Amino acid sequence: MFFQTFILSFIFHVVELKELHEKKIKEILDEKQLWNMPILDKEASIEEVLSVLTGRDHVWIVEEKGSKKLCGVITESDILRLLAPHHLPKYVFGKRYGISLHYGTAKKAKDIMHKHLIKCSLEDKVGNVLARMVNAGIRRLPVVEKDEIVGEITVHYILQILLGKR
Amino acid sequence: MLLEIGIALVLAKLAGYALERVKQPAVIGEIVAGIVMGPFIAGKLFGIEYLSPITEGMGQIGIVLLLFISGLEIGVEEIKTAGKKGMLTSMFDVSVAFIFGFIAGYLLGYDIRTSIAIGNILVATSVGITVRTLMEMNALHSKVGELILTVAVLDDVLGILVLSFTLGKGQPMMLLVKVFIFFLIFLMAVFVISKVKDIKFHIPRFALTAAISFAFIFSALAYDLGLAAITGAFFAGLVLSNLPQRRRINEFTRQMGEVFFIPLFFIWVGASFDFYALKDMGPLVLLFIPMAFIGKIIGCSTGAKLCGFKMRDALAVGVGMIPRMEVALVVVTTEITMGVFSEALAHQVLAATILLVIISSLLTPVLLKVVYREEKENKVEEQSG
């Protein structure tokens, strides 16, 4: 363990995990990150969503073009479900099982996005945010201030910080 | 007991899978497995006694989970975004289907409470079969498909409401007060949940445990107020549908329910099928099943026509809304548990509802294809004319 840490710290500037847990999100968030985030408006077509997802594994959905007001997210696994042969569950309730690419009922981003998001704020501690991700079984959280998206925390981002790449 | 449950679960899974292979709902397979496990087949052949207070209790847990899932998946937002067309059509749908069921009961000479109970069974549509058929016909994205989906969602909600209002225990005025109190608590719960944006404490899987516990507490609350427990379970689902953890809660409840408790409910329904009831239920079946078909066709078609649909499209909406499945069986079981029917009549109504479920599942795809074929032929004629 010591040897591994020694090697890693030789290659990268390794950040202590405990130290990271105590930091606030605003201390680790890169301000320039927002420019490179995958964002589309809710009226965007499915083709636009698919196009973004060819390069990224998720896309944040905002109310309208130019706005930062967050209203949903679409992930790779949502698209996988849409691409696979449509399978209805044993007990069908609600309209969501009627949403399908094959049958033309998925037309816009708002048709397929998850509306109820688990979020974090700039004041949250990294440890709490990671625990929230583990509990919810998700790999990315939007950082939100007054309902507007100001950044994102992903597993990759945390790994980069741990390895001193950020 | 343990052996019976084990065998029943495997049998239900296999029968469900076999029916899915022939494009029929798995639920029918589970009911058939229940009939096989019941006193008339496995009971006589192998001396198996499946029906017991324990299996009934597990089935009741299955009902709570099923209605909780239904409330979670429908969600407050889907109801809000139903639109005028959906609302109008479902009002016609629910009221006409209910009245036709009531008339069937009244014509058979049952008292008003029993006739109301029969009306309640016919209210809720099962959208699964229609969605499957519309998908096969590539018509899910059509105006008809869209309206059917919206109305089917709404009539589950309205069906539960009608059940609460019509079959609650106590004096009418007291019942009204109790229903008012229940909905006040429901609205307060929705408000509180909408304010829960961030949970500062982290107990592993706390949200899941809290959600399931909330479903049972809300069911108990509804029951104690004289309403049906299923009303509580359904509205508990609606309350939690606004939570960010909705998806996780839904997946967890579905896994737990679909694998164990919900099949046990449908097996229990099948096992309760009384073959002796068949010989006395002729008049009931002859009136109950046609009324179930006609009520939906007239109610939904009228609603859709008033919303500006062409006659053929309106008819397709009516036909698409015929199937009854999960909620109808839950409603009839709840009414039996509430003691609405006498013992002999309870067996007949349950058997008639099982027959309605099977017949409506088999006939709806055929009828829907006929209506749509007519529409296509007419279109071709219009173009060539």
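Residues numbered from 1 in each chain as written. Chains lettered and ligands numbered in written order. Predicted model: local features only at pLDDT ≥ 70, side-chain atom pairs only at ≥ 80, totals over all residues. Heavy atoms only, no water.

Looking now at the overall build of chain A. Looking only at helices and strands, chain A has eight helices and five strands in total. For chain A, the spread of C-alpha atoms along the principal axes amounts to about 55 × 35 × 25 Å. Looking at chain A residue by residue over its 166 residues, the buried ones come to 42%. Restricting to contacts in chain A with at least 6 residues of sequence separation, those with at least 24 account for 52%. Of the roughly 9,500 Å² that chain A leaves accessible, carbon and sulfur atoms contribute 56%. Both charge centroids of chain A, one from 26 positive and one from 22 negative side chains, sit 4 Å from each other. (Helix = DSSP H or I, 4+ residues; strand = E, 2+ residues; numbered from the N terminus. Buried < 20%, exposed > 50% of the residue type's maximum accessible area, 1.4 Å probe, protein only. Contact = heavy atoms within 4.5 Å. Areas by Shrake-Rupley, 256 points an atom, 1.4 Å probe, with all protein chains shown as cover. Lys, Arg positive; Asp, Glu negative; His and termini not counted. Charge placed at Lys NZ, Arg CZ, Asp CG, Glu CD.)

Of the regular secondary structure elements, chain B holds 16 helices and zero strands. Against the globule reference of 21 Å for 385 residues, chain B gives a C-alpha radius of gyration of 21 Å, in line with a compact fold. Considered along the principal axes of its C-alpha atoms, chain B spans approximately 70 × 60 × 45 Å. When the 30 basic and 29 acidic side-chain charges of chain B are each reduced to a single mean position, those positions are 7 Å apart. (Rg over C-alpha atoms; globule rule 2.2 N^0.38 Å.)

Turning to the pattern of salt bridges, a few remarks are in order. Pairing is possible between side chains of opposite charge, provided their charged atoms come close. Taken as a whole, this structure holds 18 salt bridges over all chains when the rule is applied. With a shortest N-O distance of 3.7 Å, Asp-57 of chain A and Arg-140 of chain A are connected by a salt bridge. With a gap of 83 residues between them, Asp-57 of chain A in the loop between helix H4 (46–53) and strand S2 (58–62) and Arg-140 of chain A in strand S4 (residues 140–145) connect regions that are remote in the sequence. We classify Asp-57 of chain A as partly exposed; its relative accessible area is 23%. Overall, Arg-140 of chain A belongs to the buried group, its relative accessible area being 10%. When the shortest N-O distance is used, the salt bridge between Arg-254 of chain B and Glu-73 of chain B registers 2.7 Å. (Salt bridge = Lys/Arg side-chain N within 4 Å of Asp/Glu carboxyl O.)

Every contact between the two is made by 33 residues of chain A and, on the other side, 47 residues of chain B. Both faces combined, the contact of chain A with chain B buries some 3,300 Å², and carbon together with sulfur accounts for 54% of it. Considering only the surface of chain A that becomes buried against chain B, Lys-90, Tyr-91 and Phe-93 of chain A emerge as the three largest contributors, covering 26% of it. Here chain A and chain B share two salt bridges between them. A salt bridge links Glu-30 of chain B to Lys-90 of chain A; its shortest N-O distance comes to 2.6 Å. Across the chain A-chain B interface, the total number found is nine residue pairs in polar contact (both at pLDDT 80 or more). Secondary structure elements with two or more residues in the side of chain A that touches chain B: helix H5 (76–83) and helix H7 (126–136) of chain A. Of the residues belonging to the side of chain A that touches chain B, the class tally is 12 nonpolar, 12 polar and nine charged. (Buried area = accessible area lost by both parts, 1.4 Å probe. Polar contact = N/O pair within 3.5 Å; in protein donor to acceptor, adjacent residues only side chain to side chain. Nonpolar A, V, L, I, M, F, W, Y, C, P; charged D, E, K, R; others polar.)

For helix H13 (residues 282–306) of chain B, spanning 25 residues, the distance from its first C-alpha to its last is 36 Å, which sits close to the expected 36 Å at 1.5 Å a residue. One or two steps after H13 of chain B, the chain reaches Gly-308 of chain B, where phi turns positive at roughly 100°. (Expected span 1.5 Å × (residues − 1).)

Our focus in this paragraph is the sheet that holds S2 of chain A. Residue and element names in this part refer to chain A. Ordered in space as S1-S2-S3, the three strands form an open sheet in which the pairing is mixed. Either end of the sheet is taken by a strand with one partner, and the two such strands are strand S1 (39–41) and strand S3 (70–75). The sheet shows a mean angle of 30° between the axes of neighbouring strands, taken without regard to direction. In this fold H4 packs onto S1, S2 and S3, with an angle of close to 140° to the strand it touches most, S2. (Pairing = 2+ DSSP bridges. Axes fitted to C-alpha atoms, helices over the stretch in contact; angles between N-to-C directions.)

What follows covers the environment of Ala-117 of chain B. Residue and element names in this part refer to chain B. On the secondary structure map, Ala-117 appears in helix H6 (residues 112–121). Taking the C-alpha atoms as reference, Ala-117 lies 30 Å from Ala-8; in sequence the two are 109 residues apart. Not counting chain neighbours up to four residues away, the residues in contact with Ala-117 comprise Leu-167, Glu-335, Val-340 and Phe-341.

Bringing helix H11 (residues 229–240) of chain B into the picture now. Residues and elements named next belong to chain B. Taking 1.5 Å of rise per residue, the 12 residues of H11 would be expected to cover 16 Å, and the 17 Å separating its terminal C-alpha atoms lies within 8% of that figure. Extensive coverage of H11 is indicated by the burial of 11 of its 12 residues. Among all positions of H11, only Ile-230, Thr-231, Gly-232, Ala-233, Phe-234, Phe-235, Ala-236, Gly-237, Leu-238, Val-239 and Leu-240 are buried. Where H11 is buried, its residues touch helix H4 (53–80), helix H8 (143–167), helix H9 (172–195), helix H10 (206–224), helix H12 (246–271) and helix H15 (326–337).

Turning our attention to the packing of aromatic side chains. Residues and elements named next belong to chain B. For the structure shown, the criterion picks out 15 aromatic pairs over all chains. Between Phe-260 and Phe-261, the aromatic rings sit 4.8 Å apart at their centres with planes inclined by 80°, giving edge-to-face as the arrangement. With relative accessibility at 27%, the residue Phe-260 sits in the partly exposed group. Each ring, one from Phe-265 and one from Phe-266, has its centre 4.9 Å from the other, and the planes form 55°; the classification is tilted. Three or more aromatic residues link up through ring pairs in this structure, and these residues are Phe-182, Phe-183, Phe-186, Phe-214, Phe-218, Phe-234 and Phe-235. It is Lys-143 that lies over the ring of Phe-309; its NZ or CZ is 5.2 Å from the centre. (Phe/Tyr/Trp six-rings, centres within 6.5 Å; stacked < 30°, edge-to-face > 60°. Lys NZ or Arg CZ within 6 Å of the ring centre and 35° of its normal.)

By the secondary structure assignment, Asp-155 of chain B is in helix H8. A distance of 3.0 Å separates a polar atom in the side chain of Asp-155 of chain B from a polar atom in the side chain of Thr-125 of chain B.

All names here are of chain B. Closest axis-to-axis distance for the helix H5 (residues 83–107)/H13 pair is 7 Å, and the angle between their directions is 155°. Regarding the angle of H5 to H13, the classification is roughly antiparallel. The crossing of H5 and H13 is right-handed. When H5 is examined against H13, the residues Leu-88, Thr-89, Phe-92, Asp-93, Val-96, Ala-97, Phe-100, Ile-103, Ala-104 and Leu-107 are found in contact with a partner set consisting of Leu-287, Met-291, Ile-294, Gly-295, Lys-296, Ile-298, Gly-299, Cys-300, Thr-302, Gly-303, Ala-304 and Leu-306. Considered class by class, the residues forming the contact of H5 with H13 number 15 nonpolar, five polar and two charged. (Parallel < 35°, antiparallel > 145°, perpendicular 65-115°, else oblique. Left-handed = near helix turned anticlockwise from the far one by under 90°.)

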